[in-house]
Amino acid sequence: MKNILLTIIIVIIFSQMVCGGENESSQNRIVAIINDELITKSELEHKKTFLIYQIKQNRKGDITQEEEKELEKTLLDRLIINKLVREKAKKENISATEGEIKEMLDNVKKKFPTEEVFLSGLKESGLSIDDLRESFEYEIILQKLFFNKVRNKIVVTPQEVEEFYKEHSEEFREPDRVKLKNIFVYKQGRSSEEIMQRLDEISILLEENTPFEEVARKYSEGTTAFKGGIMGEIKRGELSPRIEEIIFSLRTGDISQWIETEGGFYLFKVDEYIRGKTLNFADVQLDIRNMLYRRKLDERFNNWVAELKEKAFIQINE
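The rules behind each value
- Residues numbered from 1 in each chain as written.
- Predicted model: local features only at pLDDT ≥ 70, side-chain atom pairs only at ≥ 80, totals over all residues.
- Heavy atoms only, no water.
- Phe/Tyr/Trp six-rings, centres within 6.5 Å; stacked < 30°, edge-to-face > 60°.
- Lys NZ or Arg CZ within 6 Å of the ring centre and 35° of its normal.
- Axes fitted to C-alpha atoms, helices over the stretch in contact; angles between N-to-C directions.
- Helix = DSSP H or I, 4+ residues; strand = E, 2+ residues; numbered from the N terminus.
- Parallel < 35°, antiparallel > 145°, perpendicular 65-115°, else oblique.
- Contact = heavy atoms within 4.5 Å.
- Nonpolar A, V, L, I, M, F, W, Y, C, P; charged D, E, K, R; others polar.
- Pairing = 2+ DSSP bridges.
- Buried < 20%, exposed > 50% of the residue type's maximum accessible area, 1.4 Å probe, protein only.

1. Concerning the packing of aromatic side chains
Reasoning step 1: For the structure shown, the criterion picks out 13 aromatic pairs.
Reasoning step 2: Judged by centre distance (4.9 Å) and plane angle (80°), the rings of Phe-184 and Tyr-186 are edge-to-face.
Reasoning step 3: Taken together, the aromatic side chains of Phe-146, Phe-147, Phe-301 and Trp-304 make up a single cluster linked through ring pairs.
Reasoning step 4: For the cation-ring pair, Arg-236 lies above Phe-248, with the distance from its terminal atom to the ring centre recorded as 4.2 Å.

2. Considering the packing of helix α7 (residues 158–167) against helix α11 (residues 281–311)
Reasoning step 1: Look at α7 against α11: their axes get within 9 Å of each other, and the N-to-C directions meet at 110°. Classified by the angle between their axes, α7 and α11 sit roughly perpendicular to one another. Contact residues: α7 offers Glu-160, Val-161, Glu-162, Phe-164 and Tyr-165, while α11 offers Phe-281, Val-284, Gln-285, Ile-288, Arg-289, Met-291, Leu-292, Arg-295 and Lys-296.
Reasoning step 2: Partitioned by chemical class, the residues of the contact of α7 with α11 number 8 nonpolar, 1 polar and 5 charged.

3. Some points on the sheet that holds strand β5 (residues 259–260)
Reasoning step 1: If you trace the 4 strands from one edge of the open sheet to the other, you get β4-β3-β6-β5, paired in antiparallel fashion. Each having just a single partner strand, β4 (230–235) and β5 make up the two edges of the open sheet.
Reasoning step 2: With 5 bridges connecting them, strand β3 (residues 177–186) and β4 associate as antiparallel partners. Pairing of Arg-177 across the sheet is with Lys-235, part of β4.
Reasoning step 3: Across the face of the sheet, helix α8 (residues 192–207) comes into contact with β3 and β6 (264–274) while running at roughly 140° to β3.
Reasoning step 4: Helix α9 (residues 212–219) rests against β3, β4 and β6 of the sheet, and its axis sits at about 35° to β3.

4. Some words on the pairing of strand β2 (residues 37–40)
Reasoning step 1: Looking at chain direction, strand β1 (residues 30–34) and β2 are connected through 4 bridges and run antiparallel. Paired with Ala-32 across the bridge in β2 is Ile-39.
Reasoning step 2: Adjacent in sequence and paired antiparallel, β1 and β2 are bridged by 2 residues, among which Asn-35 carries a positive phi angle near 55°.

5. Digging into unusual backbone geometry
Reasoning step 1: Of note, the phi angle at Asn-93 is positive, near 55°, even though the residue is not glycine.
Reasoning step 2: In this structure, Asn-93 sits in the loop between α3 (65–91) and α4 (98–109).
Reasoning step 3: One non-glycine residue, Asn-209, lies in the positive phi region at around 70°.
Reasoning step 4: For Asn-209, the position within the fold is in the loop between α8 and α9.
Reasoning step 5: The exposure class of Asn-209 is exposed, given its relative accessible area of 68%.

What follows is the structure, given as structure tokens:
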């Protein structure tokens, strides 16, 4: 659900919203002029607040002043594009209908169990229904004004796809994987002697060829204990570098030494080591085609925006 809200917020940030401004002169200060349109400090701050909130939620901490400055610069550029797109749409008599906006809003609501949960999520993020409507209106206008007109004109040839695969084959290599089991012993509430006694007891059982799954069910204190310690298939990059260095140095059937972490001690068994391989062209050609298509679409959009900017009067007040 948080991912859904993040998507909504990002859409809004890059869309023009009618902001309830504060009356202070600092908030009404004009930061940019785009032809006959203005961008005020309050409008810029309104959008920046949403994004900073989401960044803090994801990283569990504050952003630096340098990051905030760069963020403000990016948002201002997006607002300028916003104004230019809306102006262009107005000249070409392109607009969003109430039905189109309602359809997009209803599709978002369907992703939530109830409307109450949906509204609560919006409120928590500092958003409103009007904010969403404004963002969806802009998205529809942009689709009609640009993307729908160029979508079918972009061509990615089979030769381009094949050449990209040959030149970037390493990007399509599957990482090494292991099928793992583990046993975990907590540190909390135990003396060093008690912990060592517990680890030795488990190690002796395994040395006596007691099945790993049986020992895990009886002695492991981790979340996989009820499954006999089975973790499933793990790819490189999914665990901490320190643990991965040990695990991927083992062979099929090997059991690691005890690995101490902040919370306790882990013991891992590699049930199967699966070497990575380069994916076949047939398996990735559609992904490559879609990626190259998006690149070309982005390039056309950026060129189109550059033309809009070139023909406009833009003044940014530092």
